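Read off the chains here:
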Amino acid sequence: MRTARFTLDPAFTVGEVSPRLFGSFVEHLGRCVYTGIHEPDHPAADEEGLRTDVLDLIRELGVTTIRYPGGNFVSGYKWEDSVGPVEDRPRRLDLAWRTTESNRFGLSEYIAFLRKLGPQAEPMMAVNLGTRGVAEAIELQEYANHPGGTALSDLRIAHGDKDPFGIKLWCLGNEMDGPWQTGHKTAEEYGRLAAETARAMRQIDNSVELVACGSSAQYMETFAEWEAKVLAETYDLVDHISLHAYYEEHDGDRDSFLASAVDMESFIQNVVATCDHVGARLKSPKKISLSFDEWNVWYMSRTEAQVSALDWPEAPRLLEDVYSVTDAVVLGSLLIALLRHADRVKIACLAQLVNVIAPIMTEPGGPAWRQTTFYPFAQASRYGRGEVLDVRVSGPTYDTERHGTADLLHATAVRATDGTVTIFAVNRSQTESLPLEVALHGLELSEVAEHSVLADADPDARNTLTDPDRVTPHEGTGTTLADGTLRAALEPLSWNVIRLA
Ligand code: AHR
């Protein structure tokens, strides 16, 4: 196998990593909320019904911003149903997932959940622009954020929440380009509504940060034209535009699946180009940043039939993908893609957090455990803080059906404020170990502090209720740093974290 090479030099950087890059997503979908984070009867539940075993795992995962309450769910969401005494809250049909929503967990519980997680946990609240509009969005904002002395802020206080929620980051709807969305709109219709909503929300508080809906995927027919039309209406009023992308292995084509990040990077580049094109047309110095607020591996093709067969149950087992080592390596590669574009991607949310296409699984009344995908995310959140260095790989490539020619090595590097550097690298070869050489210029680094590897003789190995620790990272061997060159051999189909001190 040819050696893959790159050079690291602190003079060549991509940009600062936003802590919000390590966000996640809690939707009222399946068991993400109920029996995921909230299960009052569970032995580990606290006084607010939150599972403390799950809270501990979320902290270990290193999640920051948490988007809520959907997702497709938000397009039928009535925020008023989710506040006040729990026993008075109405049960509603959730059209998005053909389930019944009890509203036992709502806005106040979401904020309490974030506060329990700690100061790194930031709210990211979506407003319903599917079945609702400007009035309901500003009413929700007033209820949540106004200190007091008005009907809605006093209602929040009467409900027991004296302190305002201080929600700064708001999504203007969800996937409004998707025909599956309740209240789906054309780009012109949505662009106008998003602009009017943004204007009104800014009248309450101009310091809010607003995310306009971009495309639900790069493959959408309206992709790029949607972004251009929406931004033409909203450019001066919003801060971010959303991107969503899910990947899965199709028909056993693992080579293509392993190169999923090629699509993610091109999606990012194309959205940046579209934003900047609109900015140029408007002669605006402002840059729109990207909010990749749904991304993951999701075996979507397996779950579509599941939803249509439902008869309005409460919190059923839905989208409970059990992730393999291969899925974790792909997820690691998607994290690398986000980091490689840290100059423009300022928010990213792993969809979702618990049980629903999630890194954390729970059993009602039973334990919580880490999926394979937990590990790359936790490591990237822990060590991927600082400045991304520009990595230009030269090395072996391979051909894929879906994504053309791809590098076998996918990599990025982040330099922390203390000067340590962490390299995140994926070897996409299913069969061969990949020799790696990194030339270190202008970096005072003298030792390999750690080389952690996620790989397995069985790339389909998974963690389950009965075998929750089947897959965990192990230590890499033979990694050296001498005369300004790092040398390593990356195991086949592996996720690697190499920390240089
Ligand atoms: O995350 C699952 C679903 O995927 C979300 O509800 C929706 O926004 C997307 O299509």
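Keep in mind the model is a prediction, meaning the values are calculated, not measured.

What follows is about the overall build of the chain. Regarding its fold elements, the chain presents 11 helices and 25 strands. A compact globule built from 501 residues would reach a C-alpha radius of gyration of about 23 Å, and the chain, at 22 Å, matches this within 12%. With respect to the principal axes defined by its C-alpha atoms, the chain has extents near 70 × 60 × 45 Å. Residues counted as buried form 60% of the 501 residues belonging to the chain.

Strands sit in the order S2-S15-S18-S19-S25-S21-S22 across an open sheet of 7 strands; the sheet is antiparallel. Strands with a single pairing partner mark the edges of an open sheet, and in this sheet they are strand S2 (13-16) and strand S22 (474-475). As judged from the 3 bridges shared by S2 and strand S15 (residues 387-389), these two strands associate in the antiparallel manner. Paired with Glu16 across the two strands is Glu387, which belongs to S15. Against the sheet, helix H10 (residues 325-340) touches S2, S15, strand S18 (409-415), strand S19 (421-427), strand S21 (448-454) and strand S25 (494-500), its axis set at about 55° to S18.

This next bit is on the sheet that holds strand S10 (residues 240-247). Sheet architecture is closed into a barrel: 8 strands sit in the order S3-S4-S7-S8-S9-S10-S11-S12, paired in parallel fashion. Between one strand and the next, the sheet's axes are offset by a mean angle of 30°, whatever the strand orientation. Looking at chain direction, strand S3 (residues 23-25) and strand S4 (residues 65-68) are connected through 2 bridges and run parallel. Considered in S4, the bridge of Ser24 is made with Ile66. Running over the sheet, helix H8 (residues 260-281) touches S10, strand S11 (289-297) and strand S12 (345-351) and is turned about 160° from S10.

Taken as a whole and assessed by the stated rule, the structure comprises 12 aromatic pairs. Ring centres 6.3 Å apart and planes at 90° place the aromatic pair Phe22 and Phe377 in the edge-to-face group. Placement of Phe22 in the loop between S2 and S3 and of Phe377 in helix H11 (residues 374-383) is noted, with a sequence separation of 355 residues between them. Residue classification places Phe377 among the buried residues on the basis of a relative accessible area of 0%. When the centroid spacing of 5.7 Å and the interplanar angle of 20° are considered together, the rings of Phe424 and Trp495 count as stacked. One end of the pair, Phe424, is in strand S19; the other, Trp495, is in strand S25, and 71 residues separate them in sequence. Sitting over the face of the ring of Phe25, Arg67 holds its NZ or CZ atom 4.7 Å from the ring centroid. The ring centre of Phe374 lies 5.6 Å from the NZ or CZ of Arg370, which sits over that ring.

Ranked by internal contacts, the top residues of the largest apolar core, which has 163 residues, are Leu8, Phe113, Phe292, Trp295 and Ile423. Take this core: its biggest share by element is 11 residues, from H10. Inspection of this core shows a minimum of three residues originating in each of domain 1 (4-10 + 390-500) and domain 2 (18-383). Excluding residues that lie within four positions of it along the chain, Phe113 makes contacts with Val26, Ile37, Leu50, Leu55, Ile58, Ile66, Phe105 and Leu353.

Let us look at helix H3 (residues 134-145). Between its terminal C-alpha atoms H3 stretches 16 Å, which fits the 16 Å expected from 12 residues at 1.5 Å a residue. Inspection of H3 places Ala137, Leu140, Gln141, Tyr143, Ala144 and Asn145 among the buried residues, and these make up the whole buried set. What you see down the axis of H3 is that its buried residues fit within an arc of 165°, all on one side. Considering only its buried residues, H3 is in contact with helix H2 (107-117), strand S7 (122-127), helix H4 (151-158), strand S8 (169-172) and helix H5 (187-204).

Calculation rules
- Residues numbered from 1 in each chain as written.
- Predicted model: local features only at pLDDT ≥ 70, side-chain atom pairs only at ≥ 80, totals over all residues.
- Heavy atoms only, no water.
- Helix = DSSP H or I, 4+ residues; strand = E, 2+ residues; numbered from the N terminus.
- Rg over C-alpha atoms; globule rule 2.2 N^0.38 Å.
- Buried < 20%, exposed > 50% of the residue type's maximum accessible area, 1.4 Å probe, protein only.
- Pairing = 2+ DSSP bridges.
- Contact = heavy atoms within 4.5 Å.
- Axes fitted to C-alpha atoms, helices over the stretch in contact; angles between N-to-C directions.
- Phe/Tyr/Trp six-rings, centres within 6.5 Å; stacked < 30°, edge-to-face > 60°.
- Lys NZ or Arg CZ within 6 Å of the ring centre and 35° of its normal.
- Core = buried A, V, L, I, M, F, W, Y, C linked by side-chain atoms within 4.5 Å.
- Domains from an automatic or database assignment.
- Expected span 1.5 Å × (residues − 1).
- Arc of directions from axis to C-beta.

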